[in-house]
Amino acid sequence: MDKQDNHKVVIIGSGPAGLTAAIYTARANLNPLVIEGTPSSTSNQPGGQLMLTTDVENYPGFPQGIMGPELMTQFREQAQRFGAEILTDKVTRVDLTQLPHSIWVGDPNKPEPTYHTWSVIISTGAEPLTLGLEAEQRLIGRGVSTCATCDGFFFTNQHIAIVGGGDSAMEEAIFLTRFASKVTVIHRRDKLRASKIMQDRAFANDRIEFLWNSTVSNLIGQNRLEAVEVINRVTNKTSVLDITGLFIAIGHRPNTDLFTDQLHHKQNGYLLTKPNSSHTEVAGVFACGDVQDDVYRQAITAAGSGCMAAIDAERWLESVGHG
Ligand code: NAP
């Protein structure tokens, strides 16, 4: 193995948590390697969920707000300015059972790992949930979307719908009214989960209407979404809603598949870290951001926990003589 393939810190994931960890470890002269991921079915570029977000109004330091992708570009440039190396690829396997830890990129069956590293910072985030309907994967990108920012523009002057009752659904519904003639929010209960301020904004928007106690039971259309079937959970009646676009905003699942057999996690899949720290139970392995946070899930809390992970890694490396 090439000497270059031995690292002090490898950061997996490039959202606010991973890139903050990169900024801090780079400034500590630890020469971090960030493996940032690749485009996926739900995201056309690495950088985490902010790449799919429109206006971010609650990230401190931007009184007028900032677009999510622009914020992530700035995080990335800041990390690179201090020497963080960024690799656009996917980790396919890890072995955290012995030090240094082993990381594979590309073929996971290769006997030799691609990288050895004394510490690993896991910041793989979470990904959008989907409805689990048969036609969903076929129609993704053909009228069905999990990203209003990416796809809203395609629905100018059309009637579209969004599934979900949380902050994401309200934020996206409001954003989509910039393009669509009407946005129907399909929610499975008769009350929203979203914060009061987002509810008030959505209720005040006359292009948004609500279909309460309703779930989408079928997607109609072969090559393109033409309509959805909706069941009213109170009356059990099925109706057809003629829409050309369906946005799904029903929450997220942590990206932990690489680690579930090697690290402790909660029942809902989120990685467990020791109280008030980013340490997992494995020496030299740290977790930060949405992959371990099922409570706050904000860009600012992810960035804060990325900072914690960097400091924890730096102190741990020092303690084992690799600082
Ligand atoms: P969330 O709060 O978990 O809301 C998910 C919504 O989808 C809920 O209304 C839920 O219904 C519904 N849902 C879940 N599974 C469903 C299914 N299979 N079929 C139909 N509906 C389903 O997720 P989120 O909106 O993505 O927000 C995640 C976190 O990020 C929250 O803490 C939120 O406050 C935060 N956030 C904040 C902002 C902001 O401040 N600007 C923006 C976005 C997100 P029930 O209500 O019935 O459970």
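Residues numbered from 1 in each chain as written. Predicted model: local features only at pLDDT ≥ 70, side-chain atom pairs only at ≥ 80, totals over all residues. Heavy atoms only, no water.

(A) Spotlight on the packing of helix 1 (residues 16-27) against helix 7 (residues 299-319). As a packed pair, helix 1 and helix 7 sit with axes 7 Å apart at the nearest point and diverge in direction by 40°. When the axes of helix 1 and helix 7 are compared, the crossing they make is right-handed. Across the interface between the two elements, Pro16, Ala17, Thr20, Ala21, Tyr24 and Thr25 from helix 1 touch Ala299, Ala302, Ala303, Gly306, Cys307, Ala310 and Ile311 from helix 7. Residue composition of the contact of helix 1 with helix 7, grouped by class: ten nonpolar, three polar and no charged. (Axes fitted to C-alpha atoms, helices over the stretch in contact; angles between N-to-C directions. Helix = DSSP H or I, 4+ residues; strand = E, 2+ residues; numbered from the N terminus. Left-handed = near helix turned anticlockwise from the far one by under 90°. Contact = heavy atoms within 4.5 Å. Nonpolar A, V, L, I, M, F, W, Y, C, P; charged D, E, K, R; others polar.)

(B) Representation of helix 2 (residues 68-81) in the model. Taking 1.5 Å per residue as the helical rise, helix 2 with its 14 residues ought to reach 20 Å, and the 20 Å between its terminal C-alpha atoms agrees with that figure. All of the buried residues along helix 2 are Gly68, Leu71, Met72, Phe75 and Ala79. Buried residues of helix 2, seen end-on, are gathered within an arc of 95° and therefore sit on one face of the element. Of the residues in helix 2, the exposed ones pointing more than 90 degrees away from the buried face are Glu77 and Arg81. Just past helix 2, the residue Gly83 takes up positive phi, approximately 100°. (Expected span 1.5 Å × (residues − 1). Buried < 20%, exposed > 50% of the residue type's maximum accessible area, 1.4 Å probe, protein only. Arc of directions from axis to C-beta.)

(C) Fine view of the sheet that holds strand 16 (residues 238-241). Spatially, three strands are ordered 14-15-16 in an open sheet, and the strand pairing comes out antiparallel. Across the chains shown, the open sheet's two edge strands, defined by having one partner strand only, are strand 14 (214-220) and strand 16. Going across the sheet, the axis of each strand differs from the next one's by a mean of 30°, ignoring polarity. Two strands pair when backbone bridges link them, and strand 15 (residues 227-232) and strand 16 are joined in this way by four bridges, in the antiparallel orientation. By the bridge assignment, Glu229 is partnered in strand 16 with Val240. (Pairing = 2+ DSSP bridges.)

(D) Structural detail: the sheet that holds strand 10 (residues 144-145). Taken in spatial order, the five strands of this open sheet run 10-17-11-12-13, and their pairing is parallel. Across the chains shown, the open sheet's two edge strands, defined by having one partner strand only, are strand 10 and strand 13 (208-211). Across four bridges, the pairing between strand 12 (residues 182-186) and strand 13 is parallel. Residue Thr184 lies in a different strand from strand 13, and its bridge partner there is Glu209. Relative to the sheet, helix 5 (residues 167-176) contacts strand 11 (159-163), strand 12, strand 13 and strand 17 (245-248), its axis offset from that of strand 11 by approximately 170°.

(E) Local environment of the side chain of Glu136. Note on placement: Glu136 falls in helix 3 (residues 136-139). Looking at Glu136, its side chain comes within polar contact range of the main-chain nitrogen of Leu131, at 2.6 Å. Setting aside anything within four residues of it in sequence, one finds Glu136 in contact with Thr130, Leu131, Val144, Leu219 and Ile248. (Polar contact = N/O pair within 3.5 Å; in protein donor to acceptor, adjacent residues only side chain to side chain.)

(F) Structural detail: the site of the ligand. Near the ligand lie 19 residues; those nearest to it are Asp167, Ser168, Arg188, Arg189 and Arg193. Broken down by element, the residue count for the shell around the ligand peaks at three residues, all from helix 5. Of the residues belonging to the shell around the ligand, the class tally is four nonpolar, nine polar and six charged. (Near = heavy atom within 4 Å.)

(G) Main features of the side chain of Asp312. Examined against the element boundaries, Asp312 turns out to sit in helix 7. Lacking a salt bridge, the buried Asp312 has Arg315 as its closest oppositely charged neighbour, with an N-O distance of 5.4 Å. Excluding residues within four positions of it along the chain, Asp312 makes contact with Ser277, Ser278, His279 and Phe286. (Lys, Arg positive; Asp, Glu negative; His and termini not counted. Salt bridge = Lys/Arg side-chain N within 4 Å of Asp/Glu carboxyl O.)

(H) The pairing of strand 1 (residues 6-12), seen in detail. Counting buried positions along strand 1 gives five out of seven residues, so the element sits mostly inside the fold. The sheet contact formed by strand 1 and strand 8 (residues 115-122) spans six bridges and is parallel. By the bridge assignment for strand 8, His7 is matched with Thr117. In the sheet, strand 1 pairs with strand 2 (residues 33-35) via three bridges, with the strands oriented parallel. For Ile12, the partnering residue across the bridge sits in strand 2 and is Ile35.

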